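A look at the structure
Now for the letters of each chain:
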Amino acid sequence: MLWTANTIIRKFSSSSAYYQNKLKLALIGQSLFGQEVYTNLRKQGHKVVGVFTVPDKDGKADPLAVVAEKDGTPVFKFPRWRLKGKPIPEVVEAYKAVGAELNVMPFCSQFIPMNVIDFPKHGSIIYHPSILPRHRGASAINWTLIEGDKKAGFSIFWADDGLDTGPILLQKECPVEPNDTVDTLYNRFLFPEGIKAMVEAVQLIADGKAPKIPQSEEGASYEGIQKKSNAKVNMAQPAEVIHNWIRGHDKVPGAWIVIDGKPVTLYSSSMLSGSVPAGQPIEVEGASQPGLIAKSGLILFGSDGKALQVKNLQFEDRKMIPASKYFSSDEAASLDLTDDEKKMAEEIRAIWKGILSNVPVIDDTTDFFKSGAASMDVVRLVEEVKQKCGGVQLQNEDVYMATTFQIFVQMFVRRLRGEDQEEELVIDYVTKDVNNMTVKMPHQCFINGNFEDAEDGKTYNTVNPTDGSVICKVSYASVADVDRAVSAAKEAFDNGPWGKMNPRDRGRLLYRLADLMEEHQEELATIETIDSGAVYTLALKTHVGMSIQTFRYFAGWCDKIQGSTIPINQARPNRNLTFTKKEPLGVCAIVIPWNYPLMMLAWKSAACLAAGNTLVLKPAQVTPLTALKFAELTVKAGIPKGVINIVPGSGGLVGQRMSDHPDIRKLGFTGSTPIGKQIMKSCAVSNLKKVSLELGGKSPLIIFSDCDMDKAVRMGMSSVYFNKGENCIAAGRLFVEESIHDEYIRRVVEEIKKMKIGDPLDRSTDHGPQNHKAHLDKLVEYCELGVKEGATLVYGGRQVDRQGFFMEPTVFTDVEDHMFIAKEESFGPVMVVSKFKDGDVDGVLSRANNTEFGLASGVFTRDINKAMYVSERLEAGTVFINTYNKTDVAAPFGGFKQSGFGKDLGEEALHEYLRTKAVTVEY
């Protein structure tokens, strides 16, 4: 059905109020909407005795079936309920056996027999996305828009033997905004409010208060499902009617018009306010006047002279382009050349003929490279055209992007006219005077080389943890925005210059990007400080400094990615050559955490880009600003459009869509273990994406009595309090040998008392605020639980009594292995210390390894034999000996066990973003 084409996942919780009366329910239906209705009915205490849904498709269960099976609810997946118009007896009997008192049908695409509809004590209720009796039928939302209704809404009604004709139980409505689409209406109102209403309706029935209001036939309408064949736009209508027709068909099946004799599908329509922009005329079949291709899109005129604007066009081969780029598309008609331009075209033909002397005639379809041209010929062509044709500036890359004669001439003429100049990047900066400078911060989604609002216009506040003030509003990306970003990345990979670029040229762009990051290092560090709470000096050196190093390191790898030749048995009497190639994967998704916003971006995206992929990146919702500033710098570096896309927003929405998207081939994630597991599951179910995960840790640090005490104290504190403890590899648990335990703790506390807690922009500050309020609250709760379990709170454990989200550096001793704080990471400035008996090396190793995590570990001892013995037996991806937190861009980083798999940094990181192809030749 049309209205389910682009539904989204939303986390939803209804009221937790207690109701006395509960029902046994059968849920008949499917989809994410059905899943949420099921979940919330169970939360209210109703018993779902059976779920009846559609069979698995391509091995993937419907979302409703997935959650029900997980809960142990009986799930039935009947392909049909009727055969030749009659109920299937065994299906009906299976249904009756569950003993439901009410059928709940949130969204059902199957025909259910009346002896099932009427069987339960309370009958059946159905959700329908229109204000009945208007728009009965399967495409209700579409027709609400097509008909230009000022109000949309939904009805929950009692099922009868008619088509959406049963008595009304309840209805709710909302206004239709001028540029609403099917997606925005569904996501804003019909989905979330519909779930609440289904739960409310069931409770009304349970309480005996549910009305049955007969539907009036006055104003009743029924509209069928629209097909592509009848979705053509009638241009002889007012502009608003045309706009309603387009948005009512967006995205399925898609309204279309005929331009230059070719059908073109229209997406993202809006009424044009203000004056009509300048543009190039274009003939539209059936229109009262020509349309215009303007910088903002395709302008169409209605019979009333008013105008509307269309942002995107799709051709018959499914290729989609921005409407503003119609005349630069290969699908568009050829340019009309002036007499002077025709003379230049003939001059270019002569140049081609001089190079391609083996080709008898240079016609429009002659391909430069298929005719035998090589790289030296590219240089000659570019330089001859510059010399003989008006000094138009061309690059070698232009030839690779326009390989046939006709396309090359069109490219040249547009360059001559100045039509194909890159539009200047428009950025709606938020500016702040801070840290003795003015920082300029983009705050919108970055998609296909442009900063733009989220499609539905939603924003959220990003907060400065130093004082809790709002820095600015940031675009809150929707599923539609993710889809646009992925589409841009896929187009850039498949057809853009990035995929055709020489690896060395790709490396040159990444070096340039690193240089620009260095030029803006202080601005980036300032933004990082106010957005994440990082101490400025640390942000400057580590958050930003290591990010720059990372891009430079991987820029150097671009032209060093190699396969190998492999000796195999020959197919005698012939001979064979087998070799391997390392190839990029395609579109990659990257989801990064909030503790090192820019550095985590660099660790993953630098390797991804060096390997030749394109990417869609979701920064942490609470720390988006350095990622968006980075996006601005990528444009200045010359990274082509669509290669890098940044979509800020929630993990449950944006991250989930990335996990599910069929065009994404790899997802790299840094975050918690539970979310990592969910991502891995979604990536497997969707299209078996390649996944790399850097997850939670509880890294042990073992301090032996023969250590360098000064160094062990200094490094031990750094292992816990570095970056306010918001550090993936932080030492989550210290094991200190008994004979030095008390002295070690005494010295640590002495040093803590010297630490300066305060404004992270103050260069003398040691310890800044925690990243956000919710995290601070969790840390306080973590410490309270440690005390409750019997650990000794030696120092700290409380929020600092000042404005902002500051936590006292904390020390716990007497921590026993069974305690919560011994097993779970705090991800904050909490030192958790246990002592071990003198000389008990194997005993402390056993305790250190008794965890499901394995990200990092450390040991302090002057005995190198002991150090190596311990390092070989510690079950962690990184082991530090007599140091801690020493990471480097050339050294691989990643965990064991439930701390994840796959590596960031070093050569190994490249392999996370490459695939190996074996090629065998017989000769």
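About the cut-offs
Residues numbered from 1 in each chain as written. Predicted model: local features only at pLDDT ≥ 70, side-chain atom pairs only at ≥ 80, totals over all residues. Heavy atoms only, no water. Helix = DSSP H or I, 4+ residues; strand = E, 2+ residues; numbered from the N terminus. Rg over C-alpha atoms; globule rule 2.2 N^0.38 Å. Buried < 20%, exposed > 50% of the residue type's maximum accessible area, 1.4 Å probe, protein only. Contact = heavy atoms within 4.5 Å. Areas by Shrake-Rupley, 256 points an atom, 1.4 Å probe, with all protein chains shown as cover. Lys, Arg positive; Asp, Glu negative; His and termini not counted. Charge placed at Lys NZ, Arg CZ, Asp CG, Glu CD. Phe/Tyr/Trp six-rings, centres within 6.5 Å; stacked < 30°, edge-to-face > 60°. Lys NZ or Arg CZ within 6 Å of the ring centre and 35° of its normal. Pairing = 2+ DSSP bridges. Right-handed = clockwise from strand over helix to strand, strands pointing away. Domains from an automatic or database assignment. Axes fitted to C-alpha atoms, helices over the stretch in contact; angles between N-to-C directions. Parallel < 35°, antiparallel > 145°, perpendicular 65-115°, else oblique. Left-handed = near helix turned anticlockwise from the far one by under 90°. pLDDT = per-residue confidence, 0-100.

1. Points about the overall build of the chain
The secondary structure content of the chain amounts to 27 helices and 40 strands. Its C-alpha radius of gyration of 32 Å places the chain within 12% of the 29 Å reference for a compact globule of 923 residues. C-alpha extents for the chain along the principal axes are approximately 90 × 85 × 75 Å. Every one of the 923 residues in the chain was classed for burial, and the buried ones make up 55%. In the chain, of all internal contacts separated by at least 6 residues, the share reaching a separation of at least 24 is 70%. Summed over all atoms, the accessible surface of the chain reaches about 39000 Å², with 50% contributed by carbon and sulfur. Side-chain charges of the chain comprise 107 positive and 116 negative groups, with the mean position of each set lying 3 Å from the other.

2. Overview of the packing of aromatic side chains
The full count for this structure, using the stated rule, is 27 aromatic pairs. When the centroid spacing of 5.5 Å and the interplanar angle of 65° are considered together, the rings of Tyr186 and Phe191 count as edge-to-face. Seen in terms of ring centroids, Tyr460 and Tyr476 are 5.8 Å apart; in terms of plane orientation they differ by 80°. Their pairing is edge-to-face. With Tyr460 in strand 21 (residues 459-464) and Tyr476 in the loop between strand 22 (469-475) and helix 12 (479-494), this residue pair connects regions lying 16 residues apart in the sequence. Among the residues examined, Tyr460 registers a relative accessible area of 11% and is labelled buried. Through pairs of rings, three or more aromatic residues link up here, namely Phe33, Tyr127, Phe154, Tyr186, Phe189 and Phe191. The ring of Tyr869 is capped by Arg873, whose NZ or CZ atom sits 3.6 Å from the centre of that ring.

3. Description of the pairing of strand 28 (residues 664-670)
The side chains of a regular strand alternate, residue by residue, between the two faces of the sheet. Of all the seven residues making up strand 28, six are buried; the element is thus mostly covered by neighbouring parts of the structure. For strand 25 (residues 587-591) and strand 28, the ladder comprises five bridges, and the chain directions are parallel. Within strand 28, the position partnered with Ile590 by the bridge is Gly668. Pairing between strand 28 and strand 29 (residues 690-694): five bridges, direction parallel. Each residue of the ladder has a partner; that of Lys666, found in strand 29, is Lys690. For the crossover that starts at strand 28, traverses helix 20 (residues 673-687) and ends in the parallel strand 29, the hand is right-handed.

4. Things to note about helix 7 (residues 239-248)
The buried fraction of helix 7 amounts to eight of the ten residues, a majority that puts the element mostly inside the structure. Among the residues of helix 7, those classed as buried are Ala239, Ile242, His243, Asn244, Trp245, Ile246, Arg247 and Gly248. Packed against the buried residues of helix 7 are helix 5 (140-146), helix 6 (182-206), strand 11 (262-271), strand 14 (297-301) and strand 15 (307-314).

5. What to know about the domain arrangement of the chain
Here the chain is described as being made up of domain 1 (24-207), domain 2 (228-328), domain 3 (339-417), domain 4 (429-692) and domain 5 (700-894). Using C-alpha coordinates to define each centre, domain 3 is positioned 65 Å away from domain 5.

6. Side note on the packing of helix 8 (residues 339-355) against helix 9 (residues 375-388)
When two helices pack together, their arrangement is given by the angle between the helix axes and the distance between those axes. With their axes 10 Å apart at the nearest point, helix 8 and helix 9 run at an angle of 150° to one another. With respect to each other, helix 8 and helix 9 are oriented roughly antiparallel. Judged by the twist between their axes, the crossing of helix 8 over helix 9 is right-handed. For the pair helix 8 and helix 9, contact is made by Glu347, Ile351, Trp352, Gly354 and Ile355 and by Asp377, Arg380, Leu381, Glu384, Val385 and Lys388, respectively.

7. Let's talk about the confidence of the model for the chain
Predicted coordinates in regions of low pLDDT should not be interpreted in detail. Confidence in the prediction of the chain, expressed as mean pLDDT, is 91, and 95% of residues score 70 or more. Throughout residues 1-19 the model reports pLDDT below 50, and contacts reaching past four residues in sequence, or to other chains, amount to 59 contacts.

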